[in-house]
Structures are given as structure tokens and as C-alpha cells.
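Close look at the chain arrangement
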Amino acid sequence: MSPKISLSRYLVEQQRSKGHIPSQLRLLLEVVARACKSISHAVNKGSLGGVLGSAESANIQGEIQKKLDIIANEVLIEANEWGGHLAAMASEEMESIHLVPNRYPQGEYLLLFDPLDGSSNIDVNVSIGTIFSVLKKPDESDAISEKDFLQAGKHQVAAGYCVYGPQTTLVLTVGDGVAMFTLDREQGSFVLTDEHVKVPEDTQEFAINMSNMRHWDSPVKKYVDECLQGKEGPRGKDFNMRWIASMVADVHRILTRGGVFMYPWDKREPNKAGKLRLMYEANPMSWLIEQAGGASTNGRERILDIQPQQLHERVSVILGSKNEVARVTRYHLEK
Ligand code: P6P
């Protein structure tokens, strides 16, 4: 029986062997992991903890907040304020950035997060999760402002998510592949369960909200129609479809067994690039997918190359098995 490798030991040994997890970043990742443990505990209580249902408030996105959205956001802020590793934070649940209070030392990192993604699934006991992205504070800036966050996803120094499902699993990259850690509730620690996550280059499974079909652009319609034709059609093979309406759960399935996830631009709100947010949903998930050998585009360009203009800007997302993402992207570029 090989010894259990905890998250802390993994980060120390990665730093010792690869040298790209400075102590402040290691502290940041351990603090985020501890916050995810607290969020998992609150999520797992469900109605017994009085945390289900709406908070009777709306966020910057105009979405009704669930009680757990606010709890998760507060847990992440309180956990990260005092450590001296952060200069500021940004959250899907907060309109503007959150500066580390002056009473605490300032660090060199910026933390962005969707504290509880997939909120529509909370009350029906379907997997949800926390998504996080870490950037470095620009050296030249002293007073941190929103523009310091507006860095392309390729500049992330760490990214990950914690999925609260049958297991609570933390999935992490610091730019040297993707590792998965499962929460051992008896020990209270995350234990390494997969160190070299790889997304199969091909797949027979696609994920999209089919109810939006009539609003899609033609490249997406062409791709999905070919999948639905199965082995009698141009793809020569049958496809399966999944849609959990929780990006963390859909991405976790793709990291585990392959697939292609699409939340593309559609005609419902033509002035919006897409539904998902670039900075704290698409960028961290895209880096994880690429680090595991997959691909991620907005239909036309690599998501990690997109220069953000606004903190909460949205983006069209096509990510997963490399060869499928290449096909969908090709259909967009041919249009
Ligand atoms: P729809 C959850 O609200 C989310 O942001 C993603 O996690 C998920 O993939 C998507 O929206 C689901 O959207 O329109 O299918 O409910």
C-alpha cells in the first residue's frame, strides 16, 4: 500500500523538485484548499444546515444568489485576507475587487474565484464546485486596481477547482500537468489520487444545453447535427450527450474520461460573447484542460490568449478533447 501523499506534501515536493511553487503560492493553495473543505462541509449539510434556497439578493450578473453562494464567498475571503500572500481578490459574487485590508500584510498574488459554480443545482443535490485562478500582481503597480486583474489566461500561475459531489475532489495545475486530490474526511486532508491527468484526444461524448439549439450559430449546429447522425452520418460513430448544468461537474467528467463541453455564443443576447465568465470560469478551466492535453477556444481563438477588457466579461467556450475542439473551431473559421 503506497503512502498517502497529502496536498501539503505534494506542494513541498513539487517545489523541491521543480521549483515553481514559491512559499507564498504554496500557502495560497493550502489556504484555498482549507476554504474548500469548509465549503464542502456547509454544502454537505444541505437542508440540515439551513443553507439551501435563495438569499433574496442578486449578484453583479443579475442572478439570484443562493445562501450557499454568499457563504462560500465569505469563506474564501475570510480565509485569504490575513495570510500575507494576496494583494486582492475578485469574485463572481462581488461587483468590484476586494483589496486585502491594510491591517494585514500585502502579498504578490491576485486570487479570482467563482465561489460556488452551478448554484442552480444546489437545492436538487447535484454536484457543484468552487473554481479559482491565481495571477501575479503586476510588479509596477502599488495601489491595486481592477486593471491589474485584466491579464490573459496564459499568465495564470495556478488554477483549479473543487467539485462537491459523491467525493470532494480538488483539481489543480501550477503549469506542470494536472493533479487530483480527494478529501479524506477521516484525516481531514486532501490526498493525491491522480498525478498525471490526461484528456483523451478523441471522444464520443458532447456536453451542451440542447434547449438552446434554435439559437445556435451554424458551426455549432453543424457539429451537433453530425454527432446526432451517429455512425450512419459523416462521423461514422455514435455519440452520447451529457449536460449537468454545472461547469465544474462537466469539466471533471471530461478530465476523467474525455468529451467536449460547449457553451457557445447564441442569438438570445447577440451583444454578449457567451454566458460563461472569462476570468474565473473559462480561464482556469481552459488552463486545466490544456495542461491535461486538451484544447479550449471561443470558437475562433485560444481562450488563454484573450486579452480581458472587463473583470466580469463573458466568453463563448468550446473545450475538451483536442481533436473535437479542433473540429468545432474549424467549422467556425470556415464560416
Ligand atoms: P444553463 C452554472 O450556472 C453555469 O454558470 C455553469 O456552471 C453551467 O455550465 C452553465 O451555467 C449552465 O447554464 O443555461 O444550461 O443553465
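Refer to the preceding data block for the structure.
Residues numbered from 1 in each chain as written. Predicted model: local features only at pLDDT ≥ 70, side-chain atom pairs only at ≥ 80, totals over all residues. Heavy atoms only, no water.

1. Concerning the pattern of salt bridges
- In total, this model carries 23 salt bridges according to the counting rule given.
- Note that Lys147 is salt-bridged to Asp148, the shortest N-O span being 3.9 Å.
- A salt bridge links Glu201 to Lys322, with the shortest nitrogen-to-oxygen separation between them at 3.4 Å. Of this pair, Glu201 sits in the loop between β10 (189-194) and β11 (205-207) while Lys322 sits in helix α7 (residues 322-334), and the two are 121 residues apart along the sequence.
- Of the residues examined, Glu201 reaches a relative accessible area of 40% and is grouped as partly exposed.
- If you follow the salt bridges from partner to partner, you end up with Lys154, Glu290, Arg302 and Asp305 in one network. (Salt bridge = Lys/Arg side-chain N within 4 Å of Asp/Glu carboxyl O. Helix = DSSP H or I, 4+ residues; strand = E, 2+ residues; numbered from the N terminus. Buried < 20%, exposed > 50% of the residue type's maximum accessible area, 1.4 Å probe, protein only.)

2. Details of the sheet that holds β11
- Taken together, five strands build an open sheet; the order of strands is β12-β11-β13-β17-β15 and the sheet is mixed. Because the sheet does not close on itself, it has two edges, and the strands there are β12 (240-241) and β15 (295-297).
- Of the pairings in the sheet, the one linking β15 to strand β17 (residues 317-320) comprises three bridges and is antiparallel in character. Looking at the pairing, Ser296 lines up with Leu319 of β17. (Pairing = 2+ DSSP bridges.)

3. Considering the packing of helix α2 (residues 23-45) against helix α3 (residues 67-80)
- Orientation of α2 relative to α3, taken along the N-to-C sense of each, is 150 degrees, at an axis distance of 9 Å. Considering their axes alone, α2 and α3 lie roughly antiparallel with respect to each other. Crossing geometry of α2 relative to α3 is assigned as right-handed. Residues Leu28, Val31, Val32, Ala35, Ser38, Ile39, Ala42 and Val43 of α2 touch α3, and the partners they reach there are Leu68, Ile71, Ala72, Val75, Leu76, Ala79 and Asn80.
- Per-class residue counts for the contact of α2 with α3 are 13 nonpolar, two polar and no charged. (Axes fitted to C-alpha atoms, helices over the stretch in contact; angles between N-to-C directions. Parallel < 35°, antiparallel > 145°, perpendicular 65-115°, else oblique. Left-handed = near helix turned anticlockwise from the far one by under 90°. Contact = heavy atoms within 4.5 Å. Nonpolar A, V, L, I, M, F, W, Y, C, P; charged D, E, K, R; others polar.)

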